[in-house]
Amino acid sequence: RLDEVTVSPAKAWTRAKMARSSLSFRIDGVIYADPTAAQLQSLGQHAGDIILLSPATSKCDRWGKRHGGKPIIFPYHADHLYNGCRALVAMELSDPVHGEARKHTPLFRDANSNAFCNHFIRRLLYHMLLHPSVAKHCPYGPTKYSFHSFRRYFASCLGEAGCSKETIQSLCRWLSDEAVEIYNVMRIPEHIA
């Protein structure tokens with residue numbers, strides 16, 4: 001969710017949002033909360049290397065009791081053009097934060113070390129959707145899509161793949177049956193597909 005990694009102009013970043021300490025790194029079978037540069041550079045050289053991201057609290061799970069124990073897993077893939085694991089390693093290497101400071105540093109931050117504002121990230125998404133390689137997949141134009149649109153689309157894809165309601169709710173981090181309702185509304189009828 002956008003709210004878990006950004007701030008609004010009127011609010012300051014708090015530890016309820018994701019911080020650098022939300023990341024942990026499994027490198028050669030060992031979990032590190034604060035890896036060295038050498039350890040980060042070796043990530044991907046061993047089978048099963050991954051980054052784990054502990055989700056922040058959210059409006060539907062304010063105390064992290066439902067989703068807090070379910071990390072988001074970023075596997076390392078050297079051959080994927082866009083790989084979250086590689087991007088997070090690059091971020092850590094170019095903007096290192098160590099020790100106790102990891103708890104007090106936003107997961108994603110600007111050149112002034114502040115969490116990104118949500119309106120800046122929304123504008124960034126808008127301009128990304130204008131790129132010709134992306135625009136061809138967005139037939140309604142960039143103003144019709146938001147970060148929530150992608151969660152809805154992900155829920156629809158999971159439903160099309162035969163995932164259970166519970167799996168969709170867990171992966172999309174929904175507590176209600178909304179994920180299944182969205183899937184049923186957006187699903188293409190079989191006789192048309």
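Note that the structure is a prediction, hence the values are computed from the model and not measured.

Asker: I keep staring at the overall build of the chain and nothing clicks. Help me out?
Answerer: Looking only at helices and strands, the chain has seven helices and four strands in total. Shown N-terminal to C-terminal, the secondary structure of the chain runs as helices and strands in the order β-β-α-β-β-α-α-α-α-α-α. A total of 193 residues make up the chain; the buried ones form 32% of that total. The long-range share in the chain, meaning contacts at least 24 apart out of those at least 6 apart in sequence, stands at 53%. Roughly 12100 Å² of accessible area belongs to the chain as shown, and the carbon and sulfur atoms make up 58% of that amount.

Asker: Would you mind going over a nonpolar patch on the surface with me for this structure?
Answerer: Judged by side-chain polarity, Phe120, Leu124 and Met128 come together as a nonpolar surface patch covering roughly 270 Å² of accessible area. Looking at the element boundaries, leucine 124 is found in helix H3 (residues 118-130). The class of leucine 124 is partly exposed, set by a relative accessible area of 41%.

Asker: What is the right way to read the packing of helix H5 (residues 147-160) against helix H6 (residues 165-172) from this model?
Answerer: Helix-helix packing: each pair is described by the crossing angle between the helix axes and the interaxial distance. Close contact between H5 and H6 brings their axes to 10 Å; oriented N to C, the two are set at 150°. Taken as axis vectors, H5 and H6 run roughly antiparallel relative to one another. The interaxial crossing formed by H5 with H6 has right-handed handedness. Contact residues: Arg151, Phe154, Ala155, Leu158 and Gly159 in H5; Ile168, Leu171 and Cys172 in H6.

Asker: What am I meant to see in the confidence of the model for the chain here?
Answerer: Detail in the predicted coordinates should be disregarded across regions flagged by low pLDDT. Averaged over the chain, the pLDDT score is 84; the fraction of residues at 70 or greater is 83%. Within the chain, the lowest mean pLDDT, 53, falls on helix H7 (residues 178-186), and the highest, 98, falls on helix H1 (residues 37-42).

Cut-off values and rules
Residues numbered from 1 in each chain as written. Predicted model: local features only at pLDDT ≥ 70, side-chain atom pairs only at ≥ 80, totals over all residues. Heavy atoms only, no water. Helix = DSSP H or I, 4+ residues; strand = E, 2+ residues; numbered from the N terminus. Buried < 20%, exposed > 50% of the residue type's maximum accessible area, 1.4 Å probe, protein only. Contact = heavy atoms within 4.5 Å. Areas by Shrake-Rupley, 256 points an atom, 1.4 Å probe, with all protein chains shown as cover. Patch = residues over 30% accessible without salt bridge, like charges linked within 9 Å, V, L, I, M, F, W, Y side chains within 5 Å. Salt bridge = Lys/Arg side-chain N within 4 Å of Asp/Glu carboxyl O. Axes fitted to C-alpha atoms, helices over the stretch in contact; angles between N-to-C directions. Parallel < 35°, antiparallel > 145°, perpendicular 65-115°, else oblique. Left-handed = near helix turned anticlockwise from the far one by under 90°. pLDDT = per-residue confidence, 0-100.

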